[in-house]
Every structure is written in structure tokens, then in C-alpha cells.
Amino acid sequence: MIRLAGCLRDKPSSKDWKIEEVQGAVPLPDFVDLSGYDSPIENQQNTGSCVANAVVAAYEHLWRRLNGARQYRDLSRLFAYYNARLRSGNPTTDTGTTIRSCLDACRVQGICLESTMPYDSAKWYERPSDAAYAEAKAHRITAFYLCTEFDHLRKSLAEGFPVVLSFEVFPSFNQLSLMAGCRCLVPARNQAVVTPWR
């Protein structure tokens, strides 16, 4: 089973660095493909760790871009998920987290290697070891920016930066069938958007 809806809605913060405050005019190409630096697709299994999966994948992407596409550093999604929940104030519940909490946790604590804290969905609640925290300091996010408009996303991608985003879906999205080619039912006219999915 794959669990959806592990991303909690971020509250606006005056501390956010908005991408428009740091970006100048960037010509927008018709097409951008950053997939050459992507790490392998991971399975979050039955946990609310989708945000941690996305943030770690973005960090791994940037690491490969800076160090060569053939270089791959597998980082711990479980480490990021625990520390994001800790920053959100809910380390003992598997209720997901906000994108900002996960990015901020990776900025402050960093991310240890996957081999140090392997992904085991049954261990989502376990505190990382002191050795994991020490190792994580070598893999910190230095900055992250809030994109508030579609063109900000386009500019970030045009500059070669991956974007972690979320969107809301209709409840029928949870009926998504991987066996049916990932087709989703069309929502009824009266169906409200209630499920955050990131």
C-alpha cells in the first residue's frame, strides 16, 4: 500500500526567503529537463514521509549536479522525516510534515547517509543515533526559497534547481490504480478538495 496525504500545509512565515527577492531576470526556455541528475525513485511505503522523500531527492539531485552525474550519494529519508516531525512538534506521530519543517531540519541538522539510517517504514518513530547526527552535518541545505508564482518555479527550473512542491487533490485520487496505468477518476461536481497530496 502506498500512503498519500503526508504533507501538511505550511503556514505563511515572514522568515521565508522568496525566490523573487534573489532572482534577477532569467530567460525562460521552452523546455527544461533536469532528469539527468535525479536519484532512483524511492518507495515511501505506508508512512507519511512523502515530504522527506521529495526533499532528500532534491538534495541528492543538487549533490549530483555539483559533483558529477555519475556520483551518487544515497541519503536517509527516514532521518529527514524524523527531524522534520521533530521541528513540527510531532515526532511521535506518523502524520506527515510540512515542506518548510523538512527543509529547515535539513538546513540545521543535515541528512545522514542511507547506510547509517536505512529506510524501514516500521521504524519511522525511532530517534536517529548520535553518529547519524554527527554524519549529517556534512550534508546540510544552506538555503531554500519560497516560490509563490508559477513563473518562480519556471525560473528555478531554468536555472537548474529542483523544486519541492505540493498540490491538493480530490479524494478520488486515493482510488488511483497503479495497475490501471495511474488513471484517476474524474471528481464529481460537488466534490470538495480536501486531500493535500505532495
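Thresholds applied
- Residues numbered from 1 in each chain as written.
- Predicted model: local features only at pLDDT ≥ 70, side-chain atom pairs only at ≥ 80, totals over all residues.
- Heavy atoms only, no water.
- Helix = DSSP H or I, 4+ residues; strand = E, 2+ residues; numbered from the N terminus.
- Polar contact = N/O pair within 3.5 Å; in protein donor to acceptor, adjacent residues only side chain to side chain.
- Contact = heavy atoms within 4.5 Å.
- Core = buried A, V, L, I, M, F, W, Y, C linked by side-chain atoms within 4.5 Å.
- Buried < 20%, exposed > 50% of the residue type's maximum accessible area, 1.4 Å probe, protein only.
- Salt bridge = Lys/Arg side-chain N within 4 Å of Asp/Glu carboxyl O.
- pLDDT = per-residue confidence, 0-100.

The next subject is the side chain of Asn83. Topologically, Asn83 is positioned in helix 3 (residues 77-88). Here the side chain of Asn83 touches Phe79 through a polar contact of 3.0 Å, landing on its backbone oxygen. With sequence-adjacent residues up to four places away left out, Asn83 is seen in contact with Ala105, Gln109, Pro128 and Tyr133.

The next point concerns the nonpolar core. Core analysis: the biggest nonpolar cluster contains 28 residues, and Val55, Phe79, Cys102, Cys106 and Ile141 have the highest contact counts within it. Taken together, the elements giving at least two residues each to this core come down to helix 2 (50-67), helix 3, helix 4 (99-108) and helix 5 (130-136). Counting residues per element, this core draws most heavily on helix 2, at 7 residues. Dropping the residues within four chain positions of it, Ile141 is found in contact with Val55, Tyr59, Leu103, Cys106 and Arg107.

Side-chain pairs of opposite charge can arise whenever the charged atoms involved come near each other. Per the counting criterion, the structure on display carries 5 salt bridges. Across the salt bridge formed by Asp104 and Arg107, the nearest N and O atoms sit 2.7 Å from each other. Of the two residues, Asp104 and Arg107 both sit in helix 4, 3 residues apart, roughly one turn of that helix. With relative accessibility at 16%, the residue Asp104 sits in the buried group. In this structure Arg107 comes out as partly exposed when scored by relative accessible area, which is 35%. Across the salt bridge formed by Asp151 and Arg154, the nearest N and O atoms sit 3.1 Å from each other. With Asp151 and Arg154 both in helix 6 (residues 150-158), this residue pair falls 3 residues apart, about one helical turn. Residues participating in the shared-partner salt-bridge network are Arg87, Asp104 and Arg107.

The next point concerns unusual backbone geometry. In this model, Gln45 sits at a positive phi of 55 degrees, which is unusual for a non-glycine residue. The partly exposed category is assigned to Gln45, whose relative accessible area is 32%.

What follows concerns the confidence of the model for the protein. Overall, the predicted model of the protein reaches an average pLDDT of 79, with 71% of residues at or above 70. Ranking the elements of the protein by mean pLDDT puts strand 2 (residues 195-197) last, at 44, and helix 5 first, at 97. Counted against residues more than four places away or in other chains, residues 194-198, with its pLDDT under 50, gives 24 contacts.

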